[in-house]
Amino acid sequence: MNGFDVMSVSPIVPVIAIKDEKDALPLAKALSEGGVNVMEITLRTEAGLKAVEIISKEMPEMNVGTGTVCNEEDLIASKKAGAKFVFSPGISQELIDASIKHDITLIPGVSTSSEVMLAQNNNIYYCKLFPATLSGGVDILKAFSGPYAKMNFCPTGGVNLANLNDFLNLKNVLCVGGTWFVPKDAIANNDFDKITRLCKEAINSIK
Ligand code: 3PG
């Protein structure tokens, strides 16, 4: 999958921290039932990579990748586990070079003009804006649309039902990322129906 493919699957991209790999498949199914067929499983928990491995084997129709990928080692481990792409909270030349070397799509996190420029100079046109609301939200995305007209963003960090449409209505936004529709307590309590409901609520609220 290239950056466009990843950011076109669903208008909402779940950012997931999974504690127990047994929750991987029920969670993937709940998201899919809710209309969300992409998952960013972060490497913040030990179960993260195992969850990616399980989903990529058992549910190949789910577009699963990793998040919080900070270095080459994370990237190699992601690919080995079956990740179809990797998200990073930041951007560095080292990480970009590693993604080329290991042939896996990197969607880096950017929050400044220089970082967007670094992405563009490496032919990366699909980035996460992180942390979205703190780094300027809608206003910074509008500002970026002038000098970086070809750049596309997935704002993540501080996105919720209340501001979802403000972001999605921008021309340079393809999707948004977030945790509000995959709450940790719902995963911990095996309340997967709640996750399906929250996905539907978010998708139905898109105007
Ligand atoms: C994160 O790093 O956890 C993501 O940016 C999600 O942020 P959110 O919890 O504000 O959606």
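Relevant structure appears above.
Residues numbered from 1 in each chain as written. Predicted model: local features only at pLDDT ≥ 70, side-chain atom pairs only at ≥ 80, totals over all residues. Heavy atoms only, no water.

Asks: A description of the site of the ligand should follow, citing residues and the corresponding values.
Replies: Close to the ligand lie Arg44, Phe130, Thr156, Gly157, Gly158, Gly178 and Thr179. One of the backbone N or O atoms of Gly158 is found 2.7 Å from an oxygen atom in the ligand. Within the side chain of Thr179, a nitrogen or oxygen atom sits 2.5 Å from an oxygen atom of the ligand. Within the complex, 75% of the 310 Å² of free accessible area of the ligand lies under protein. Placement of the ligand is best described as lying within the second largest pocket. (Near = heavy atom within 4 Å. Polar contact = N/O pair within 3.5 Å; in protein donor to acceptor, adjacent residues only side chain to side chain. Areas by Shrake-Rupley, 256 points an atom, 1.4 Å probe, with all protein chains shown as cover. 1 Å grid on protein atoms, 1.4 Å probe; cavity = no way out; pocket = protein on both sides within 12 Å on 5 of 7 lines; lining within 4 Å. Sits in = over half its atoms within 2 Å of the grid points.)

Asks: Describe the pairing of strand β8 (residues 152-155), naming the residues involved and giving the relevant values.
Replies: The alternating pattern of β8 places Asn152 and Cys154 and Phe153 and Pro155 on opposite faces, both of which are buried. The sheet contact formed by strand β7 (residues 126-129) and β8 spans four bridges and is parallel. When the bridges of β8 are listed, Tyr126 appears paired with Asn152. This β-α-β element, β7 to helix α7 (residues 137-144) to β8, shows right-handed connectivity. (Buried < 20%, exposed > 50% of the residue type's maximum accessible area, 1.4 Å probe, protein only. Helix = DSSP H or I, 4+ residues; strand = E, 2+ residues; numbered from the N terminus. Pairing = 2+ DSSP bridges. Right-handed = clockwise from strand over helix to strand, strands pointing away.)

Asks: Describe the sheet that holds β7, listing the residues and the values that go with them.
Replies: Ordered in space as β6-β7-β8, the three strands form an open sheet in which the pairing is parallel. Two strands close off the open sheet at either side, each with one partner strand: β6 (109-110) and β8. With respect to the sheet, α7 is in contact with β7 and β8, its orientation differing from that of β7 by roughly 150 degrees. (Contact = heavy atoms within 4.5 Å. Axes fitted to C-alpha atoms, helices over the stretch in contact; angles between N-to-C directions.)

Asks: Describe unusual backbone geometry, with residues and values.
Replies: Outside of glycine, negative phi angles account for most residues, and trans bonds account for most peptide bonds. Look at the link from Phe130 to Pro131: it is a cis peptide, with omega at -10 degrees. Looking at the element boundaries, Pro131 is found in the loop between β7 and α7. The residue Thr68 is not glycine, and still its phi comes out positive at about 60 degrees. When you line up the elements, Thr68 lands in the loop between β3 (63-67) and α4 (72-81). In this structure, Asp103 is a non-glycine residue whose phi angle is positive, near 50 degrees. Given a relative accessible area of 63%, Asp103 falls into the exposed group.

Asks: Lay out the state of the cysteines in plain terms, naming residues and giving numbers.
Replies: Each disulfide consists of a covalent bond between the sulfur atoms of two cysteine residues. Under the criterion given, the structure shown has zero disulfides. Of all cysteine sulfurs, the one in Cys175 lies closest to Cys154, which takes part in no disulfide; the gap is 3.6 Å. (Disulfide = S-S within 2.5 Å.)

Asks: Residue-level account of the side chain of Thr196, with values.
Replies: Position of Thr196 among the secondary structure elements: in helix α10 (residues 192-204). In this structure Thr196 comes out as buried when scored by relative accessible area, which is 9%. In contact with Thr196, not counting residues within four places along its chain, are Ala30, Glu33 and Gly34.

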